[in-house]
Amino acid sequence: MKINWGTGIVIAFGLFMTFILYFVFRVQSDSKYDNDLVVEEYYKHDAHFGDEMTKVQNAQDLAQKPIVSIIGEGIFIVFPEPFISKNIKGKVSLYRPSNKKLDFEVPISLSNSTLLIPKKSLVGGRWDINMEWEYSGKTYLTKETIYIN
C-alpha cells in the first residue's frame with residue numbers, strides 16, 4: 001500500500017495531536033505538577049489592589065523602613081525607632097511560592113521594636129514576606145523576598 005503526501009500530512013497531524021493531548025492529561029493528573037493559584041480568591045484580592053498600592057506607597061515614603069534580616073534563630077524584623085512599638089499593630093504573612101501548605105501568618109505584637117520569627121517554623125528555600133501594619137491610623141505594606149538555607 002502506497003501512502004501519498006495528503007495521507008502522510010493527516011497521519012502526522014493526528015500523531016502530533018495525540019502527543020500534545022498525552023502531555024496535557026499527564027500534567028493535569030500528576031500531583032507533581034501542582035498548578036494552584038497563589039491567592040485563593042484572586043478576583044476579590046484584585047479588587048483591593050488600589051488600597052494595596054496606597055499602603056505600599058506609605059511604606060516607601062517612610063524615612064526609615066523596617067529591616068528584615070536572617071539570623072541564626074530565624075527571621076529578624078526591626079521596626080523604625082521613631083515608632084512607639086506597642087502602637088504598631090498588624091500581621092506578617094509568609095508565603096512559600098512552591099508549597100501553599102507551608103504559608104502562615106504571625107501577628108505583630110511588640111514590646112520592643114523587634115520581631116523574631118523562629119527558624120523551626122521555616123523550611124529552606126524562597127519565602128515571600130508581606131508585612132501589613134498600622135500606626136496612628138496610617139497603614140503600611142512592605143514586601144520582601146528572602147532565601148533560607
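The following paragraphs examine the structure supplied in this document. (Residues numbered from 1 in each chain as written. Predicted model: local features only at pLDDT ≥ 70, side-chain atom pairs only at ≥ 80, totals over all residues. Heavy atoms only, no water.)

A few points about the overall build of the protein
For clarity, the cut-off: Every helix listed is a DSSP run of H or I at least four residues long, and every strand listed is a run of E at least two residues long, numbered separately from the N terminus. For the radius of gyration, the atom set is restricted to C-alpha positions; the globular benchmark scales as 2.2 Å times the number of residues to the power 0.38. Here's how the labels work: a residue is buried when its accessible area is under 20% of the maximum for its type, exposed when over 50%, partly exposed in between, all with a 1.4 Å probe on protein chains only. Contacts are residue-level and defined by heavy atoms, with any inter-residue pair within 4.5 Å sufficient. Using the Shrake-Rupley algorithm and a 1.4 Å probe, accessible areas are obtained, with residue cover drawn only from the displayed protein chains. The sign given to each residue is positive for Lys and Arg and negative for Asp and Glu; His and the chain ends receive no count. Positions of charges follow a simple convention, taking NZ of Lys, CZ of Arg, CG of Asp or CD of Glu.
For the protein, the count of helices and strands is three helices and seven strands. Each helix and strand of the protein, ordered N terminal to C terminal, gives the series α-α-α-β-β-β-β-β-β-β. At 24 Å, the protein has a C-alpha radius of gyration far larger than the 15 Å of a compact globule built from 149 residues. Counting only C-alpha atoms and orienting by the principal axes, one finds that the protein spans roughly 90 × 35 × 25 Å. By the burial criterion, 26% of the 149 residues in the protein qualify as buried. Looking at the protein alone, contacts between residues at least 24 apart form 58% of all its contacts between residues at least 6 apart. Of the roughly 10800 Å² of accessible surface on the protein, 59% is carried by carbon and sulfur atoms. The centroid of the 17 positive side-chain charges in the protein is displaced by 5 Å from the centroid of its 17 negative side-chain charges.

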